[in-house]
Amino acid sequence: MTFLLFELIVVGKLNIRVIGMGVAGLVVASATLMSNNEPGLGTFDLQQPEVSLTQFGKAKRSDQTGADAEFVGREVCRECHQANFELHANHGHASTFHEVSQTDLPDIFADTKFDGGANHGIYEYFADDQQALFVRLPAEFGQQAFPLQYALGSGQHAQTMLTLTTSADGQTEGIEHRVTCYHNERVGITPGHSKKIPSNALELFGDMQRGEPLQRCVDCHTTRGEVVDASVKGLVANVNCEKCHGPGSEHVRAARNTPTPPKYSVGREDWGGESEIQLCGDCHRLPKNLSEREVREYPDLLARFQPVGMLRSRCYLESDGQMRCTTCHNPHQTIQAVAKDQHIHACIQCHDDQNTEHVVCSVSADSGCIECHMPALEMDEGLRFHDHWIRVRED
């Protein structure tokens, strides 16, 4: 096994040690950061424990998570649900959390530079022979290197990198890198970062999160994972079957013992539209996650949070609670695989000009539904999301 050792020391700025151990890499950082004579940034003392980078293999049976059920992994679900397994494999949910070294990001970023703006400087990237990716800020820290550890996002829209560290007070902090790789390998500022000004030295590399916001970030990109001691414990990467359906061991046991197992999870009779919206909204956001002002004024940015828009739509409000996410979407199928006429058909099933009880569009009964009532709105860096507040728009 080949051992790689990088000692990167600049007195008063950054002291970080990176050890590569073949495929089973470890990142060990012990750092003291100081801005290059920038007033107000101060110092940041970091004692970084070992962070395992070998946690992302095939999902296995996990520790027991409840009185009866354990996680079994999507390959076990495949035994009976082959069609949904194949659909999910092409969905963004199947590829939401990786080590950076297991993605193509090192190939995209290595030996490139990116201007992070006047308050941040020029980022320089390099990768080692184990495909671990690092970033430097030479104007601030010379040849010191900051490791880029995890990649969040499927890449269908974007992938943003996250590094876990331990702060001076012993709390785990996540640094969301200021630079993101967008679709088609386009590199740009991470959404929400364009107006951020660093308040300490680590924030020169990105936005810092800790506590519940950091845990939610990991929660919504994994099936299971707890942020503990600057690592992700009990990790089941990506948003797989058991993220939405729950630990499946008892369901699998029943299905293997009887040809007619009892209804499970979303198939139960007590599973209704509200339950489904709460489930999807846990990551795609609900009004409770926003300020009263945001909910009232509904800026275009909220198009990213589909349940928020749907819940204020007349389609939902007049459905007696029957409309839900799966009224229009197959949750296992990527939206890129859905033809335009399929979307229109979803609208027509409730707005059919052959049904006298339906409200029918006065402009066109069988076309233009999405463009007129759910247009795609442009966000930061050219990202586009369809507005799920379904309505007759003033513009």
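All figures in this text were calculated on a predicted structure; none of them were measured in a lab.

A. Main features of helix α8 (residues 273–284). The end-to-end C-alpha distance of α8 is 16 Å, a good match for the 16 Å that 12 residues give at a rise of 1.5 Å each. Restricting attention to buried positions, one finds in α8 the residues G273, E276, I277 and G281. What you see down the axis of α8 is that its buried residues fit within an arc of 125°, all on one side. In the core, the buried residues of α8 are packed alongside α10 (306–310) and α11 (314–317). Once α8 ends, the next one or two residues include R285, with phi positive near 85°.

B. Representation of the confidence of the model for the protein within the structure. In this model, the protein carries a mean pLDDT of 84, and residues with pLDDT of at least 70 account for 83%. Per-residue pLDDT stays below 50 along residues 1–66; that stretch engages in 163 contacts with residues further than four places along the chain or on separate chains.

C. Geometry of helix α7 (residues 249–257). Among the residues making up α7, those that are buried are S249, V252 and A254. The inward-facing, buried residues of α7 abut α1 (74–77).

D. Examining the packing of aromatic side chains more closely. Summed over the entire model, instances satisfying the criterion amount to 7 aromatic pairs. Aromatic rings pair up to connect F109, Y123 and Y125 into one cluster. When the ring centre of F85 is taken as reference, the NZ or CZ atom of R74 above it lies at 4.0 Å. Directly above the aromatic system of W389 lies the positively charged group of R391, at a separation of 3.8 Å from the ring centroid.

E. Local environment of the state of the cysteines. Tallied over the full model, the rule gives 1 disulfide. A disulfide bridge connects C220 with C283, and the sulfur atoms are separated by 2.4 Å. Judged by the torsion about the S-S bond (-95°), the C220/C283 disulfide is left-handed. Of this pair, C220 sits in the loop between α5 (211–219) and β17 (222–228) while C283 sits in helix α8, and the two are 63 residues apart along the sequence. Given a relative accessible area of 18%, C220 falls into the buried group. Taking the relative accessible area as the measure of exposure, C283 reaches 21% and is therefore partly exposed. Unpaired in this structure, C80 has its nearest cysteine sulfur neighbour in C77, at a distance of 9.1 Å. Looking at C80, the relative accessible area reads 60%, which means it is exposed. Cysteine C350 is unpaired, with the sulfur of C315 as its nearest cysteine sulfur at 7.2 Å.

Each value, and the rule that gives it
Residues numbered from 1 in each chain as written. Predicted model: local features only at pLDDT ≥ 70, side-chain atom pairs only at ≥ 80, totals over all residues. Heavy atoms only, no water. Helix = DSSP H or I, 4+ residues; strand = E, 2+ residues; numbered from the N terminus. Expected span 1.5 Å × (residues − 1). Buried < 20%, exposed > 50% of the residue type's maximum accessible area, 1.4 Å probe, protein only. Arc of directions from axis to C-beta. Contact = heavy atoms within 4.5 Å. pLDDT = per-residue confidence, 0-100. Phe/Tyr/Trp six-rings, centres within 6.5 Å; stacked < 30°, edge-to-face > 60°. Lys NZ or Arg CZ within 6 Å of the ring centre and 35° of its normal. Disulfide = S-S within 2.5 Å.

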